[in-house]
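The lines below spell out each chain.
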Amino acid sequence: MQPTKAYSAATPAAPLAPTTILRRDVGAHDVLIDVLFCGICHSDLHQVKDDFGGATFPMVPGHEIVGKVAGVGDQVTKFKLGDLVGVGCIADADGTCGECRADHEECCPNLSYVFNSKDRHTGGTTYGGFSQSIVIEERFVLRMPKNLDPAAAAPLLCGGITTYSPLRHWKVGKGQRVGVIGLGGLGHLAVKFARALGASVAVFTTSEGKRDDALKLGADEVIVSTDPEAMKRHAGTFDFILDTVSGEHDINAYLWLLKRDGTVTLVGLPPKPLSVRAFPLIVGRKSLSGSNIGGIKETQEMLDFCSEHGITADVETLPIQKVNEAFARLEKGDVKFRFVLDMASLRD
Ligand code: NAP
Ligand code: ZN
């Protein structure tokens, strides 16, 4: 085991602080990655606050990891020293179940997330990317496109795949009217993807102040969701709506906005249950669905799509020493549109 510098939260109430963790030695199929950048997703914040219960502490968050290969096991074939690579949410999956064989590791019953999950290799808990380095099996390592800025590409590893996957699954494209609820880290990437796929895009936001940014990001329209009259004007006009909201909100207001056979898909994880009324669902045969990140194959496809279309996140890069400030600002919605930690700061 190798001592590795990291930042961890000792308890749900504690600020993150410097620590040393142990990483496993590089096994035959493993890749050792020196972490260069790590995005801060609202899921990191939910978990650090133990919003869903059952979290394990101490916790090292971070699941939007970009780094350089610093070591490979003798059976590794796809990566070599110095390669620019990415790691997202998935640290382990059995590789043998029907879901894995169908390239849906995100649905594997033996899935381990990159942090706050069972670590089969150490018998402990997985530790994420707020650390100097990480050891991961090559089948969960992504190739990062060379033409994208690595800091701005880091959020693609979770925020990117989480929004790309449902837009593709529900076949969003030309001639469709698509809504994105919440203009945060996920939401702003969803706008870029939906636009690149050829759809007409409307942003639903609680923040009037984000109007100009939404239009600059490629939205055709901005609807302030706290204005009931503005919402009513769009009743029955949307093919697909992606809900990226992290907190409590009224889902029924959006179900009314769907056309017949339209779909609202949740990717946001409000800790409290949503209250769904029957009427807006049954009138118009609508669907309410959900989507969890995406598999490794689709994540690589998404990265290649971003390379082709020049898509990255709009980021504010900070040293790890400012991680608690970043969490406090993320909680208030004060970020345009993703914080990324420059992990060189951990080596200083
Ligand atoms: P974020 O940057 O904080 O963005 C969330 C946005 O939602 C905010 O910017 C805000 O946008 C809106 N919002 C927040 N609270 C709200 C409320 N109470 N009512 C209405 N709107 C509200 O977070 P993120 O990193 O994009 O993550 C969003 C959610 O997705 C989180 O719950 C996260 O855990 C979840 N997530 C899920 C997956 C998955 O696989 N399904 C993957 C990653 C993240 P406006 O200011 O525009 O209203
Ligand atoms: Zn995430």
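About the criteria used
- Residues numbered from 1 in each chain as written.
- Chains lettered and ligands numbered in written order.
- Predicted model: local features only at pLDDT ≥ 70, side-chain atom pairs only at ≥ 80, totals over all residues.
- Heavy atoms only, no water.
- 1 Å grid on protein atoms, 1.4 Å probe; cavity = no way out; pocket = protein on both sides within 12 Å on 5 of 7 lines; lining within 4 Å.
- Points joined across faces, edges and corners; volume = space filled by probe spheres on them.
- Helix = DSSP H or I, 4+ residues; strand = E, 2+ residues; numbered from the N terminus.
- Nonpolar A, V, L, I, M, F, W, Y, C, P; charged D, E, K, R; others polar.
- Near = heavy atom within 4 Å.
- Polar contact = N/O pair within 3.5 Å; in protein donor to acceptor, adjacent residues only side chain to side chain.
- Areas by Shrake-Rupley, 256 points an atom, 1.4 Å probe, with all protein chains shown as cover.
- Phe/Tyr/Trp six-rings, centres within 6.5 Å; stacked < 30°, edge-to-face > 60°.
- Buried < 20%, exposed > 50% of the residue type's maximum accessible area, 1.4 Å probe, protein only.
- Lys NZ or Arg CZ within 6 Å of the ring centre and 35° of its normal.
- Donors = N, O, S within 2.8 Å, 3.2 Å for Na, K, Ca; no water.
- Core = buried A, V, L, I, M, F, W, Y, C linked by side-chain atoms within 4.5 Å.
- Contact = heavy atoms within 4.5 Å.
- Pairing = 2+ DSSP bridges.

S.K.: For the layout of surface pockets, give the residues involved together with the corresponding values.
M.R.: Within this model, the second largest pocket holds a volume of roughly 270 Å³. Looking at the second largest pocket, it is lined by 19 residues, and the ones nearest its centre are R23, D119, T122, T126 and Y127. Mapped onto the lining of the second largest pocket, the elements with two or more residues apiece are β2 (17-23), β6 (90-92) and β8 (133-137). Across the lining of the second largest pocket, the residue classes break down as nine nonpolar, five polar and five charged.

S.K.: So what about the site of ligand 1? Which residues, and what values?
M.R.: Every one of the 29 residues lining ligand 1 counts as a neighbour, but T205, T206, S207, K210 and R338 are closest to it. L183 is positioned such that a nitrogen or oxygen atom in its backbone is 2.8 Å from an oxygen atom of ligand 1. At 3.0 Å, a backbone N or O of S291 approaches a nitrogen atom of ligand 1. Considered on its own, ligand 1 offers 920 Å² of accessible surface; in the complex 88% of this is hidden by protein. Breaking the shell around ligand 1 down by element, the ones donating at least two residues are α1 (42-48) and α5 (185-196).

S.K.: Give a description of the packing of aromatic side chains that names residues and reports values.
M.R.: Overall, the coordinates contain seven aromatic pairs when judged by the stated rule. Note on Y164 and F193: the rings are 5.4 Å apart at their centroids and 65° apart in plane angle, and the pair reads as edge-to-face. Separated by 29 residues along the polypeptide, Y164 in helix α4 (residues 159-169) and F193 in helix α5 bring together distant segments of the chain. Like Y164, the residue F193 is buried in the burial classification. Consider the rings of F204 and F238, whose centres lie 5.4 Å apart with planes at 55°: the pair is tilted. Here F238 lies in strand β13 (residues 238-243) and F204 lies in strand β11 (residues 200-205), a separation of 34 residues in the sequence. By the burial criterion, F204 is buried, and F238 matches it. The structure contains a cluster of three or more aromatic residues connected by ring pairs, namely Y164, F193 and F305. Across from the ring centre of F238, 4.2 Å away, lies the NZ or CZ of R177, which sits over that ring.

S.K.: Tell me about the coordination of the zinc ion (ligand 2), and please be specific about residues and values.
M.R.: Surrounding the zinc ion (ligand 2) are the protein donor atoms C41 (SG), H63 (NE2) and C158 (SG), at 2.0 to 2.3 Å. Overall, the relative accessible area of 3% leaves H63 in the buried class.

S.K.: Residues and numbers for the nonpolar core, please.
M.R.: Judged by nonpolar contacts, the single largest core of 93 residues is most densely connected at I40, F130, L156, F193 and V323. Among residues more than four places away in sequence, those in contact with I40 are E64, F130, V323, A326, F327, L330, R338, F339 and L341. Counting residues in each nonpolar core, the second largest holds 16 residues, with I181, I223, I241 and V245 among its members.

S.K.: Now, about the pairing of β8: what can you tell me, with residues and values included?
M.R.: The buried fraction of β8 amounts to five of the five residues, a majority that puts the element mostly inside the structure. Inspection of the sheet shows strand β3 (residues 30-40) paired to β8 by five bridges, in the antiparallel sense. Counted as the bridge partner of D30 is E137 from β8.

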